[in-house]
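Residues per chain, in single letters:
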Amino acid sequence: MNQKDMVVRIFKALGHPIRYDIVKFLLDEPKCVCKLNENIEFTQSNLSQHLRILKDAGVLKSEKQGLKIIYSITNDEIKNLIKNAETIVDDCIKNIK
């Protein structure tokens, strides 16, 4: 897989509203899948599919701690990508008014 394909894979992973919510929920700190399940209104299997897509794209990583699986964002650049996108949207909204 080349760089272009990898970049597209990241944007596709982040482009779904549920996956965006998952990443936003993890911006501040890693959380166990049980906490994600409380805040995301989908079945466990659906949540697992979204988490797998985010992991496959390199957006998230997981670590098993005892019986819990802890999810976190792979690096600060992903966090910056989300924050930059939100800044762009905020600027667009300001310019519309």
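Residues numbered from 1 in each chain as written. Predicted model: local features only at pLDDT ≥ 70, side-chain atom pairs only at ≥ 80, totals over all residues. Heavy atoms only, no water.

Chemist: Please clarify how the packing of aromatic side chains should be interpreted in this entry.
Modeler: Any two aromatic rings considered together are summarised by their centre-to-centre distance and by the angle between their planes. Tallying each qualifying case throughout the model produces 0 aromatic pairs. Here the guanidinium or amino end of lysine 31 rests over the ring plane of phenylalanine 25, the centre of that ring lying 4.5 Å away. (Phe/Tyr/Trp six-rings, centres within 6.5 Å; stacked < 30°, edge-to-face > 60°. Lys NZ or Arg CZ within 6 Å of the ring centre and 35° of its normal.)

Chemist: Would you take a moment to explain the side chain of lysine 31 for this structure?
Modeler: Counting through the fold element by element, lysine 31 comes out in strand S1 (residues 31–32). Separated by 2.7 Å, the side chain of lysine 31 and the backbone oxygen of phenylalanine 25 make a polar contact. Not counting chain neighbours up to four residues away, the residues in contact with lysine 31 comprise Phe25, Leu26, Ile69, Ile70 and Tyr71. (Helix = DSSP H or I, 4+ residues; strand = E, 2+ residues; numbered from the N terminus. Polar contact = N/O pair within 3.5 Å; in protein donor to acceptor, adjacent residues only side chain to side chain. Contact = heavy atoms within 4.5 Å.)

Chemist: Help me understand the UniProt feature "domain: HTH arsR-type" (unreviewed entry) in the chain in this model?
Modeler: Within this numbering scheme, the UniProt entry marks residues 1–93 as carrying the feature "domain: HTH arsR-type" (unreviewed entry). Between the end C-alpha atoms of residues 1–93 the distance is 36 Å, and the span holds 63% helix and 15% strand. (UniProt positions renumbered as here; feature names shortened; annotations may be inferred.)

Chemist: Can you help me understand the pairing of strand S2 (residues 60–65) in this one?
Modeler: Across a regular strand the side chains alternate sides, sitting on one face of the sheet and then on the other. Relative to strand S3 (residues 68–73), S2 runs antiparallel, the two being bridged by 6 bridges. Following the sheet pairing, lysine 64 is matched in S3 by isoleucine 69. Turn length for the S2-S3 hairpin, with the two strands adjacent in sequence and antiparallel, is 2 residues, and the turn residue glycine 66 shows positive phi of about 65 degrees. (Pairing = 2+ DSSP bridges.)

Chemist: Can you walk me through the pattern of salt bridges in this structure?
Modeler: Once their charged atoms are close, side chains differing in charge can pair, the charge on each being opposite to the other. By the definition in use, this model includes 4 salt bridges. Taking the shortest distance from any N to any O, the salt bridge between arginine 52 and aspartate 56 comes out at 3.4 Å. Of this pair, arginine 52 and aspartate 56 both sit in helix H4 (residues 44–56), separated by 4 residues, roughly a single helical turn. Residue classification places arginine 52 among the partly exposed positions, given a relative accessible area of 46%. (Salt bridge = Lys/Arg side-chain N within 4 Å of Asp/Glu carboxyl O. Buried < 20%, exposed > 50% of the residue type's maximum accessible area, 1.4 Å probe, protein only.)

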